[in-house]
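What follows is each chain in one-letter form.
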Amino acid sequence: MSAPLTPERFAAARHAVVSRRGQFTGPVDDALETLGLTGEIVAVMPGFPDALRIARQSDLVALVTQSCLSDPWFEEGW
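Chemist: Teacher, can you tell me more about the pairing of strand β2 (residues 40-45) here?
Modeler: Successive residues of a regular strand alternate their side chains across the two faces of the sheet. Looking at chain direction, strand β1 (residues 14-18) and β2 are connected through five bridges and run parallel. Residue pairing for β2: Ala16 is matched across the bridge by Ala43. After leaving β1, the chain enters helix α2 (residues 27-34) and then returns to the sheet as β2, a path that is right-handed.

In structure tokens form, the structure reads like this:
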């Protein structure tokens, strides 16, 4: 990433989100809305591993738990 991540840059990205219920909106969308921003959700995944895999293989942004980033299973890029 060449520039700092701002709410505006985050909202401008295309997103893969995690929802066990298939919801396209959640707390992050609520927070963006308070700033007058909206994000573009293009994919909904049932779990963090799926979202991380899709983000790694595309131009999508995914918010995942920190434990996903420190787990060796995820680090291998399966």
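Read on for the rest.
Chemist: Please explain the confidence of the model for the protein chain as it appears in this structure.
Modeler: Regions with low pLDDT carry predicted coordinates that are not meant to be interpreted in detail. Overall, the predicted model of the protein chain reaches an average pLDDT of 84, with 87% of residues at or above 70. Here helix α5 (residues 72-75) stands out as the least confident element of the protein chain, with mean pLDDT 56; helix α1 (residues 7-12) is the most confident, with 93.

Chemist: Before we go on, may I ask you to explain the pattern of salt bridges in this structure?
Modeler: Close approach of charged atoms lets side chains of opposite charge pair. The full count for this structure, using the stated rule, is two salt bridges. Linking Asp59 and Arg14 is a salt bridge whose minimum nitrogen-to-oxygen distance equals 3.3 Å. Note that Asp59 is positioned in the loop between α3 (48-56) and α4 (66-70) and Arg14 in strand β1, a separation of 45 residues in sequence. Judged by relative accessible area, Asp59 falls into the exposed class, the value being 56%. In this structure, Asp50 and Arg53 form a salt bridge, with 3.5 Å as the shortest nitrogen-oxygen distance. Remark: Arg53 and Asp50 occur in helix α3; sequence separation between them is three residues, near one turn of the helix.

Chemist: Could you clarify how one ought to interpret α3 in this entry?
Modeler: Of all the residues in α3, the buried ones are Ala51, Leu52 and Ala55. What you see down the axis of α3 is that its buried residues fit within an arc of 100°, all on one side.

What counts and how
- Residues numbered from 1 in each chain as written.
- Predicted model: local features only at pLDDT ≥ 70, side-chain atom pairs only at ≥ 80, totals over all residues.
- Heavy atoms only, no water.
- Pairing = 2+ DSSP bridges.
- Helix = DSSP H or I, 4+ residues; strand = E, 2+ residues; numbered from the N terminus.
- Right-handed = clockwise from strand over helix to strand, strands pointing away.
- pLDDT = per-residue confidence, 0-100.
- Salt bridge = Lys/Arg side-chain N within 4 Å of Asp/Glu carboxyl O.
- Buried < 20%, exposed > 50% of the residue type's maximum accessible area, 1.4 Å probe, protein only.
- Arc of directions from axis to C-beta.

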